[in-house]
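If you want the building blocks of each chain, they are given just below.
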Amino acid sequence: NAGVTQTPKFQVLKTGQSMTLQCAQDMNHNSMYWYRQDPGMGLRLIYYSASEGTTDKGEVPNGYNVSRLNKREFSLRLESAAPSQTSVYFCASSKGQASEAFFGQGTRLTVV
Amino acid sequence: RKEVEQDPGPFNVPEGATVAFNCTYSNSASQSFFWYRQDCRKEPKLLMSVYSSGNEDGRFTAQLNRASQYISLLIRDSKLSDSATYLCVVNMLRILTGGGNKLTFGTGTQLKVEL
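Residues numbered from 1 in each chain as written. Chains lettered and ligands numbered in written order. Predicted model: local features only at pLDDT ≥ 70, side-chain atom pairs only at ≥ 80, totals over all residues. Heavy atoms only, no water.

Asker: Hey, could you run me through the sheet that holds strand β3 (residues 19–25) of chain A in this one?
Answerer: What holds strands together in a sheet is hydrogen bonding between their backbones, with the strands either parallel or antiparallel. Residue and element names in this part refer to chain A. Taken together, the four strands give an open sheet; going across it, the order is β1-β3-β8-β7, and neighbouring strands pair in antiparallel fashion. Each having just a single partner strand, β1 (4–7) and β7 (64–68) make up the two edges of the open sheet. Across the sheet, the axes of successive neighbouring strands diverge by a mean angle of 15°, strand direction being ignored. As judged from the four bridges shared by β1 and β3, these two strands associate in the antiparallel manner. Residue pairing for β3: Val-4 is matched across the bridge by Gln-25. (Pairing = 2+ DSSP bridges. Helix = DSSP H or I, 4+ residues; strand = E, 2+ residues; numbered from the N terminus. Axes fitted to C-alpha atoms, helices over the stretch in contact; angles between N-to-C directions.)

Right, dumping it as structure tokens:
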């Protein structure tokens, strides 16, 4: 089982460039999430999608947009990258509300 | 006050030792609780769920104290391979804001098991 697959695994962007991080899950989960992880800050929720067709802001949504393309896929877009968005990004999914989440392998993004 | 708080450590213990981590959470409406393990530069992986009655999985025991709003993780007979960061995770159903599932992570407790 692939579980949660994220692409790309590594990316370097210049300030002002845009990019989309892709995430797909094959577990038929309803909920999907995007987190960022920075040293000393732990995992912080950027956006989540409780079910297909819905998205909601998390703790740190500024500078990001998301699309729940279908039940399997949830993408994260940086419209104009900034150095403060240098981080490790994790996508996750869960079966439903109050369920444990399963994570992708992460995307290491550097904005220079 | 942070929603989920953990002692960052590191906890340096000899192989074979017993070690315990605590985690406190601020929201009494929290519904479900988990411990995750994260190895360096890897994704978090579910270690175990935490149930009201407590639960055990081999050398690992998790307990929940709702009255004091903390959860704990006990590791017995520590192995070198247990060295990792342990994340406390609390889930609160956001009914008032239209539902949705909000997992809140602690910053993690680092464990180093040494020979």
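Having seen it, we continue.
Asker: Is there a simple way to explain the side chain of Gln-25 of chain A in this structure?
Answerer: All names here are of chain A. By secondary structure assignment, the location of Gln-25 is in strand β3. One polar contact links the side chain of Gln-25 to the main-chain amide nitrogen of Met-27, over a distance of 3.0 Å. At a separation of 3.2 Å, a polar atom in the side chain of Gln-25 contacts the main-chain amide nitrogen of Asn-28. Not counting chain neighbours up to four residues away, the residues in contact with Gln-25 comprise Gly-3, Val-4, Met-32, Arg-68, Lys-71, Arg-72 and Ser-93. (Polar contact = N/O pair within 3.5 Å; in protein donor to acceptor, adjacent residues only side chain to side chain. Contact = heavy atoms within 4.5 Å.)

Asker: What is the right way to read the sheet that holds strand β1 (residues 4–6) of chain B from this model?
Answerer: All names here are of chain B. Strand order in the open sheet made by the five strands is β1-β3-β8-β7-β6, with antiparallel pairing throughout. The sheet is open, and its two borders are formed by β1 and β6 (55–57), each paired with just one other strand. Between one strand axis and the next, the sheet turns by 20° as a mean value, whatever way the strands run.

Asker: Where do I start with the nonpolar core in this structure?
Answerer: Nonpolar side chains in soluble globular proteins generally cluster together in the buried interior. Formed by 23 residues in total, the largest nonpolar core has its most connected members in Phe-21, Trp-35, Ile-71, Leu-73, Ile-75, Tyr-86 and Leu-111 of chain B. Elements represented by at least two residues in this core include exactly β3 (19–25), β4 (32–38), β5 (45–50), β7 (60–65), β8 (70–75), β9 (84–93) and β11 (109–114) of chain B. Contacts of Phe-21 of chain B, omitting those with residues within four sequence positions, involve Phe-11, Trp-35, Ile-71, Ser-72, Leu-73, Ile-75, Tyr-86, Thr-109 and Leu-111 of chain B. Judged by nonpolar contacts, the second largest core, of 19 residues, contains Met-19, Leu-21, Trp-34 and Val-111 of chain A. (Core = buried A, V, L, I, M, F, W, Y, C linked by side-chain atoms within 4.5 Å. Buried < 20%, exposed > 50% of the residue type's maximum accessible area, 1.4 Å probe, protein only.)

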